[in-house]
Amino acid sequence: MKLNRQWTWFHRLGSPRWFYQKTQCWLPWLGAIAAILLVTGLVWGLAFAPPDARQGNSFRIIYLHVPASFLALAGYYLMAIAGAVGLIWRIKLSFMLMKSAATIGAALTFIALFTGAVWGKPTWGAYWVWDARITSMLILLFLYLGMLVLRHAFTNHESANKASAILGLVGTVNVPIIYKSVDWWQTLHQPATIKLTSAPSMHPDMFAPLLVMILGFYCFYALALILFTRAEILERERRASWVRELVAEKQGGL
Amino acid sequence: MSAVLSGGFSAYLYRDLLLAYRCRSDLARPLIFFLVVSTLVPLGVAPEPARLAALAPGIIWIMALLASLLSIESLFSSDFQDGSLEQMLIAPNLLAMPILGKVTAHWLVIGLPLALISPLIGIMFSLPAVAMVPMVLSLALGTAVLSFIGAVGAALTLPLRKGGVLLALLVMPLYMPVLIFGSATIQSAVDGLAWSGSLAILGAFLAIAMALCPLAIAAALRLSS
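Residues numbered from 1 in each chain as written. Chains lettered and ligands numbered in written order. Predicted model: local features only at pLDDT ≥ 70, side-chain atom pairs only at ≥ 80, totals over all residues. Heavy atoms only, no water.

End to end, helix H7 (residues 132–156) of chain B covers 36 Å across 25 residues, agreeing with the expected 36 Å (1.5 Å per residue, within 8%). With respect to burial, H7 of chain B is a largely interior element, 21 of its 25 residues being buried. (Helix = DSSP H or I, 4+ residues; strand = E, 2+ residues; numbered from the N terminus. Expected span 1.5 Å × (residues − 1). Buried < 20%, exposed > 50% of the residue type's maximum accessible area, 1.4 Å probe, protein only.)

Here we come to the packing of aromatic side chains. Residue and element names in this part refer to chain A. For the structure shown, the criterion picks out 8 aromatic pairs over all chains. Between Phe59 and Tyr63, the aromatic rings sit 6.0 Å apart at their centres with planes inclined by 65°, giving edge-to-face as the arrangement. Among the residues examined, Phe59 registers a relative accessible area of 2% and is labelled buried. Grouped by ring-pair contacts, the aromatic residues Tyr76, Tyr77 and Tyr144 constitute a single cluster. (Phe/Tyr/Trp six-rings, centres within 6.5 Å; stacked < 30°, edge-to-face > 60°.)

Our focus in this paragraph is the side chain of Ser138 of chain B. Residues and elements named next belong to chain B. For Ser138, the position within the fold is in helix H7. Assessed through its relative accessible area of 0%, Ser138 is described here as buried. A distance of 3.3 Å separates polar atoms of two side chains, one belonging to Ser138 and the other to Trp61. (Polar contact = N/O pair within 3.5 Å; in protein donor to acceptor, adjacent residues only side chain to side chain.)

This part is about the interface of chain A and chain B. Listed as interface residues are 24 residues of chain A and, on the opposing side, 22 residues of chain B. Applying the counting criterion to the chain A and chain B interface returns 0 salt bridges. At the surface where chain A touches chain B, the tally comes to 0 residue pairs in polar contact (both at pLDDT 80 or more). Its residues assigned to classes, the side of chain A that touches chain B comprises 18 nonpolar, 5 polar and 1 charged. (Contact = heavy atoms within 4.5 Å. Salt bridge = Lys/Arg side-chain N within 4 Å of Asp/Glu carboxyl O. Nonpolar A, V, L, I, M, F, W, Y, C, P; charged D, E, K, R; others polar.)

This next bit is on the nonpolar core. Counting 130 residues, the largest nonpolar core has Leu150 of chain A together with Phe76, Ile217 and Leu221 of chain B as its most contacted members. Ranked by residue count, the leading element in this core is H7 of chain B, at 14 residues. In terms of nonpolar packing, the next biggest core, distinct from the first, is built from 12 residues, Leu27, Met96, Leu223 and Val243 of chain A among them. (Core = buried A, V, L, I, M, F, W, Y, C linked by side-chain atoms within 4.5 Å.)

As structure tokens, this is what we get:
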């Protein structure tokens, strides 16, 4: 009996309708917090933080580059965990979160690579360097793209969900191995001639806006994830009566 | 009990080897691919022995990787088409054992011959003689890992009609660690360094792949039925 009660909340949590209605009131708050943090961090970082001693103003792209890379990597794990939860407990919502996380993650990885290339030109004199971190990021982008492509290859939602969840789990085991291998490969081929200014050695005046940006990116990520998932829910559940009522309501209001 | 556990393994190993033996021309295809594509490199880059020798460790490994990838797609597809895969899925055995048998057969039929033929390409690329043994060993171990990882991709893309390019996209990023340590084994031998370390890491990859991949493959195959 007790077990039953425990599972009810779990499955209610997994109900797309519950998620859709519950997140409705979170959205404005989350959006406001993300906007405040991002605007504060950007203005602080781009205009008020002191320029770097060696890199001058070009280092300021770090305020986009680092948060994007953070979330690109964290997003992969979130995606894989969502897939695993979906596989184990057969929760539809979890698969929808996984799909949204894959799309957002791929975009963030691309942003991280792009800002890295833009940053690399003034710093290293080249847009692309086969540095360990850049290479791992590129492989991560390929992993994300594989997820997206696999999803779209299936016409059946059910198999697409399960297949991408399995691929996500296989990728999870591989991500640390890929990172370590690429690290090792890089030290073998080129001695560490290139060094990024790493976070702990940063001046607090530069580090504080970065922290704000990272927090802002986390909030923005949550917001984007919820919005993507809500759109996905509406599309998948378009035949459900509650979605029809919602649409009728919207059309009536117009 | 042990008969149930191992029965699936040896039965499917024997069956797949027999099938491969009956269609020997299919068997030769990846090997010919390996040789033909390797011929393209001197034509495309330069025929100077020094430059070829510098490229050889990486090129030989990339060719072997592509040859293995090319052949992995058919691992489950004919069984899927003639319905024997269905039989494998509903059999009372542990599904991982028949899968282990099939992947082992794939390695014996594709990976091992690639490893054994590689000294020929090594000679054509003027690779120093000291690198031959590490090359064969690293290819033998590494292609087994490639077979396991590739089989996951093959199982995932099985229900799709045009899985070929998709399979390559899914599996290539996962192949990269194997490529890194595989070519590093040869490179270390060429440079006169100890190469057993990277070979041992390939062995560790194989241990992980052998333990985990059959589970993922089993889960993926159940999707197709």
